[in-house]
Amino acid sequence: MSTSNKISTSAQNYADSLIKVGQDGIMTYDAILTDLNTIRKITSSSQELIDVMESPAISVNTKDEIINNVFSNQINEKLVNFLKVLIDKKRFYELNEIIEAYSNKVDEIHNIKRVEVVSAVEVSDNRKQRLIEKLQSKLNKTIIANWTINPNIIGGLVIKIDDDIIDSSLKNKLENLSKNII
């Protein structure tokens, strides 16, 4: 989840077209997302595949054949055709942005907010659940939290919601105290 990265307008538009596929009942939102994640997994494991798909020296027909060979048995035909459109429009390089934009749009549809929570030590399941419930109440959304540990924050929590950061870490409090003293 890197919502702080600006997603291009064209990537948003392609994501919207995938949302339309879900709205029209051709595929479910989750089935599309599963296929997109399969595409991401395959492409991220092969820089050579990415290079070929983005190369202006290789014909669109050759790229379409490669798309068929690599993806036809892995994903729905609609997504195979979607990849071919990206190739035809020379937008394959935006694939990861499109997947991120689509994922964000599906989260909005399902009223989900993804947050990142950093703690200095492992947090008990009970405390995690209480924090999630507080955030759900405050944001009026279903919260999916990604928990990480960073001992450098000393204590407390750092919560990132989109571009907003709630920093209740001991490190932050000590830095603020030191600024006020000087």
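Residues numbered from 1 in each chain as written. Predicted model: local features only at pLDDT ≥ 70, side-chain atom pairs only at ≥ 80, totals over all residues. Heavy atoms only, no water.

**Q** Describe in detail the pattern of salt bridges, supporting the description with residues and values.
**A** As enumerated under the stated definition, the model contains six salt bridges in all. Lys 105 is the partner of Asp 16 in a salt bridge, and the nearest nitrogen-oxygen pair spans 2.8 Å. Of this pair, Asp 16 sits in helix H1 (residues 9-23) while Lys 105 sits in helix H6 (residues 95-109), and the two are 89 residues apart along the sequence. Judged by its relative accessible area of 36%, Asp 16 is partly exposed. Taking relative accessible area as the criterion, Lys 105 reaches 17% and is therefore assigned buried. For Lys 128, the salt bridge identified is with Glu 122, shortest N-O distance 3.2 Å. (Salt bridge = Lys/Arg side-chain N within 4 Å of Asp/Glu carboxyl O. Helix = DSSP H or I, 4+ residues; strand = E, 2+ residues; numbered from the N terminus. Buried < 20%, exposed > 50% of the residue type's maximum accessible area, 1.4 Å probe, protein only.)

**Q** Before we move on, can you summarise unusual backbone geometry with the specific residues and values?
**A** Phi at Asn 111 takes a positive value of approximately 60°, unusual for a residue other than glycine. Among the structural elements, Asn 111 can be located in the loop between H6 and strand S1 (112-119).

**Q** Would you mind going over a nonpolar patch on the surface in detail, with residue names and values included?
**A** Together, Ile 154, Leu 170, Leu 174, Leu 177, Ile 181 and Ile 182 make up an exposed nonpolar region whose accessible area comes to about 660 Å². Here Ile 154 shows up in the loop between strand S2 (142-149) and strand S3 (157-161). (Patch = residues over 30% accessible without salt bridge, like charges linked within 9 Å, V, L, I, M, F, W, Y side chains within 5 Å. Areas by Shrake-Rupley, 256 points an atom, 1.4 Å probe, with all protein chains shown as cover.)

**Q** Any chance you could break down the sheet that holds strand S4 (residues 164-167) for me, citing the residues and the numbers?
**A** Remark on secondary structure: sheet strands pair via backbone hydrogen bonds, oriented parallel or antiparallel. Spatially, the four strands line up as an open sheet ordered S2-S1-S3-S4, and their pairing is mixed. For this open sheet the edge positions go to S2 and S4, each flanked by a neighbour on one side alone. Shown here is a sheet whose adjacent strand axes are inclined to one another by a mean of 20°, direction ignored. As defined by bridge partners, S3 adjoins S4 across four bridges and the pair is classed as antiparallel. Its bridge partner lying in S4, Ile 159 is registered against Ile 166. Sitting on the sheet, helix H7 (residues 125-139) touches S1, S2 and S3, and the angle it makes with S2 is about 135°. (Pairing = 2+ DSSP bridges. Axes fitted to C-alpha atoms, helices over the stretch in contact; angles between N-to-C directions. Contact = heavy atoms within 4.5 Å.)

**Q** Run through the environment of Ser 103, naming residues and quoting values.
**A** Mapped onto the elements, Ser 103 comes out in helix H6. Note on Ser 103: relative accessible area 17%, which makes it buried. In this structure, the C-alpha to C-alpha distance between Ser 103 and Ala 15, residues 88 residues apart in sequence, is 8.5 Å.

**Q** Would you mind going over the layout of surface pockets in detail, with residue names and values included?
**A** It is the rolling of a water-molecule-sized probe over the atoms that shows where space remains empty. Counted as a void, the largest pocket has a volume near 270 Å³. If you go around the largest pocket, you meet 14 residues; those closest to its centre are Val 123, Arg 127, Leu 131, Gly 156 and Leu 157. By residue number, the principal contributor to the lining of the largest pocket is H7, which donates four residues. Partitioning the lining of the largest pocket into residue classes produces six nonpolar, four polar and four charged. (1 Å grid on protein atoms, 1.4 Å probe; cavity = no way out; pocket = protein on both sides within 12 Å on 5 of 7 lines; lining within 4 Å. Points joined across faces, edges and corners; volume = space filled by probe spheres on them. Nonpolar A, V, L, I, M, F, W, Y, C, P; charged D, E, K, R; others polar.)

**Q** Go over the pairing of S2, please, and point to the residues and values.
**A** Here S1 pairs with S2 via eight bridges, running parallel. The residue bridging Val 117 from the neighbouring strand is Trp 147, located in S2. Note that the unit made of S1, H7 and S2 has a crossover that is right-handed. (Right-handed = clockwise from strand over helix to strand, strands pointing away.)

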